[in-house]
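# What the coordinates show
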Amino acid sequence: MSTYFHPKKYAPEDFSSTSPSADALPVVIVGAGPVGMGVAMGLAARGIRVTILEAADQVSFGSRAICVSRHSLEVAERLGFGTELEDIVLPWVGGRSYYRDQEVLHFRMASGKHDARGPMVNVSQSEFEQIMTDTLLAHPLVTFHWSSSIAGISRSDDEVTLTVDTAFGARELRAAWVVAADGGRSTMRELSGIRLQGNSYEGNYVIADIHWESELPAERLVWFDAPSNPGSTIIMHRQPRDIWRIDYQLDASDDPAAETAEERIRDRITRHLEWLQSDIPWTLEWFGFYRAHALALEDFTHGRVLFAGDAAHLVPIFGVRGLNSGMEDAETLAWQLAAVINGQADTALLQAYSTERRSAWQQNVDNAGKSTLIMSPGSHGYRTTRDAVLELATTRNEFAHLINPRQSSATHAHLSPLTWATAPGTQGVLPGDPLEDRIVEVCTTDGPSETSLNRLRGSGFGVLAFGMSAEQASELDRQAADFAQSLAPETVQVMTVGGAHGTIPDARGDLASTLGAGDGEIFVIRPDGLVLCRISDPAQLIDVAKHLTAGTAPPQFDATASVTSEAVGDEARREHVWLSLADALDTAEPADREGMLVRLAMILGSQANSEDFDKALGSATR
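What comes next concerns the included structure. (Residues numbered from 1 in each chain as written. Predicted model: local features only at pLDDT ≥ 70, side-chain atom pairs only at ≥ 80, totals over all residues. Heavy atoms only, no water.)

### Quick word on the packing of helix α10 (residues 380-393) against helix α15 (residues 569-587)
Orientation of α10 relative to α15, taken along the N-to-C sense of each, is 140 degrees, at an axis distance of 7 Å. As summarised for this structure, α10 and α15 are arranged oblique, according to the angle between their axes. Seen from above, α10 lies across α15 with right-handed handedness. Listed contacts from α15 to H380, G381, Y382, T384 and T385 of α10 are W578, L579, L581, A582, D583, L585 and D586. When grouped by side-chain class, the residues that make up the contact of α10 with α15 number six nonpolar, four polar and two charged. (Axes fitted to C-alpha atoms, helices over the stretch in contact; angles between N-to-C directions. Helix = DSSP H or I, 4+ residues; strand = E, 2+ residues; numbered from the N terminus. Parallel < 35°, antiparallel > 145°, perpendicular 65-115°, else oblique. Left-handed = near helix turned anticlockwise from the far one by under 90°. Contact = heavy atoms within 4.5 Å. Nonpolar A, V, L, I, M, F, W, Y, C, P; charged D, E, K, R; others polar.)

### Topic: α15
With 19 residues, α15 extends 27 Å between its outermost C-alpha atoms, agreeing within 8% with the 27 Å of an ideal straight helix rising 1.5 Å per residue. Along α15, the positions that sit buried rather than exposed are E575, W578, A582 and L585. Seen from one end, α15 has its buried residues packed into an arc of 105 degrees, which puts them on one side. The exposed set on the far side of α15, more than 90 degrees from its buried face, consists of R573, H576 and T587. On its buried side, α15 packs onto α9 (348-375), α10 and α16 (593-605). (Expected span 1.5 Å × (residues − 1). Buried < 20%, exposed > 50% of the residue type's maximum accessible area, 1.4 Å probe, protein only. Arc of directions from axis to C-beta.)

### Description of the nonpolar core
Soluble globular proteins tend to bury their nonpolar side chains together. Judged by nonpolar contacts, the single largest core of 98 residues is most densely connected at F81, L162 and F483. Considering every element that reaches this core, the biggest residue donor is helix α8 (residues 322-341), with nine residues. Sequence-distant contacts of L162, defined by excluding residues within four places in its chain, comprise V28, V30, L53, I150, G152, I153, R171, E172, L173, V178 and M188. Ranked by size, the runner-up nonpolar core spans 40 residues in total, among them W286, Y290, V389 and F399. (Core = buried A, V, L, I, M, F, W, Y, C linked by side-chain atoms within 4.5 Å.)

### Side note on unusual backbone geometry
With an omega of 10 degrees, the peptide bond between A488 and P489 qualifies as cis. The residue P489 is located in the loop between α12 (470-487) and β23 (492-497) in this model. Of note in this structure, R64 is not a glycine but carries a positive phi near 50 degrees. The backbone of R100 shows a phi angle near 60 degrees, a positive value even though the residue is not glycine. Given a relative accessible area of 34%, R100 falls into the partly exposed group.

Take a look at the structure:
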């Protein structure tokens, strides 16, 4: 019996247009996907009334995005649906890639004993959205309008008027702010007259969900040039309740219309499962089709219309960055928009949202783009070098890292106008970096108790202080109270680490060492989990508040490059060789490609000793 998830349907309910004499609605969110609902959760938790418009009569159907990162689970906890989500997910920590029938990569994502969660879980986007919907429907500050599509938009300096098509006729809603989270085919984007800019990659993929009671483990499984479907790349992911997601690449010569016919999809899947020597019955539950894109708006803020998620940017699917980056958008926009609506911050804070999240899109594209060039190479040069990498990886494991899918991780905000500078040479977690959740022990009146930084901080700002004396801790409490008052109703949680009176004892200094913190140092953590600044005097908190509410940071910021996403050492050299050689093949005249490669080999060979060259030649010869 199939265990496939089918979402609830919601009947349309009539509603009135906003009266000309009535106040504009505080916020209207267009789109009830994960991003729109995430923004709604964050705003409602801060006391702001939200109206959600959704063109469909249910949440999305089908697995769509299935891989949810550790960081997105942290976001879910802060937004208020983490417990329900974590109850139904399937954890996984790594995967295997094969070239034909030979394993060429076995990877495991980073995980440590102090991590509050594993690196990744699988759950269908449909179930993810349903949990969010159930949570929001119970919230008194949230109103849903299903089967309500946007038909028009007009703007003034202080409000936006939306024309909405409903089952009961056209309605007009006036809103002080509108969040456009209506997906990759955004109507809000079209009506606003703006376009995504960037690149679309070659290669089409069919995706399908099947119910299949296999005992294969929960890990990312990839076959390049799969024997079951020669020339194709096949990806398999296990989901909860014996549901499997299968993605496979179509050849450039394939007709997408013919290949997305149900009979053809069944044939492809049957061949692969039979090749895996499985005779377990299976049922086809859902299927779809996609291409990889790397597109974004130049600016995510357009007056009082704010774009988020796929309406603002598209990233290649490889590395599972779509939903995960969208949840970052949602949490960042929620606290920053709330600060503006509540009168605690200038609208410049929303420009910081745009700057940060477009930079995050670029970070995702830089990594996902490399994964896409492996998974779906779109030119002669990249196909040739990808196939060479796979062939080499069968006998020379040092090339396997180029096949690594570069799974999604939290993005940084180093380039944000909010992020404070640090002294040159500062080590550890820098301002703009995400502060990942971590298991810690705290002192309570009942004795030591285990929790995590995320749970201890809550959904507001955190002030994390290290090695404070009793006098310093007392002064910190006084300054933090003023800091909290200036940011109210946003909460502020003080957490002291080590010292005689620390709430987090950190007896061995593990936390201080991990963060690179010295005695007397204070980390200010934003509601979305990013480090805003590192300061050494509690009195500086008032300056932090002044700059934050103005949407600025002190001058002379050093835009430190991310140290977490770049390959280093030998890996960096191999990556450079791969990318440069692929580009050279693409720019060479087709008739001279072999000659160019021979000339390159002779130049490089003349710089190596004879023994090394002969060994390299042997490895390169099939």
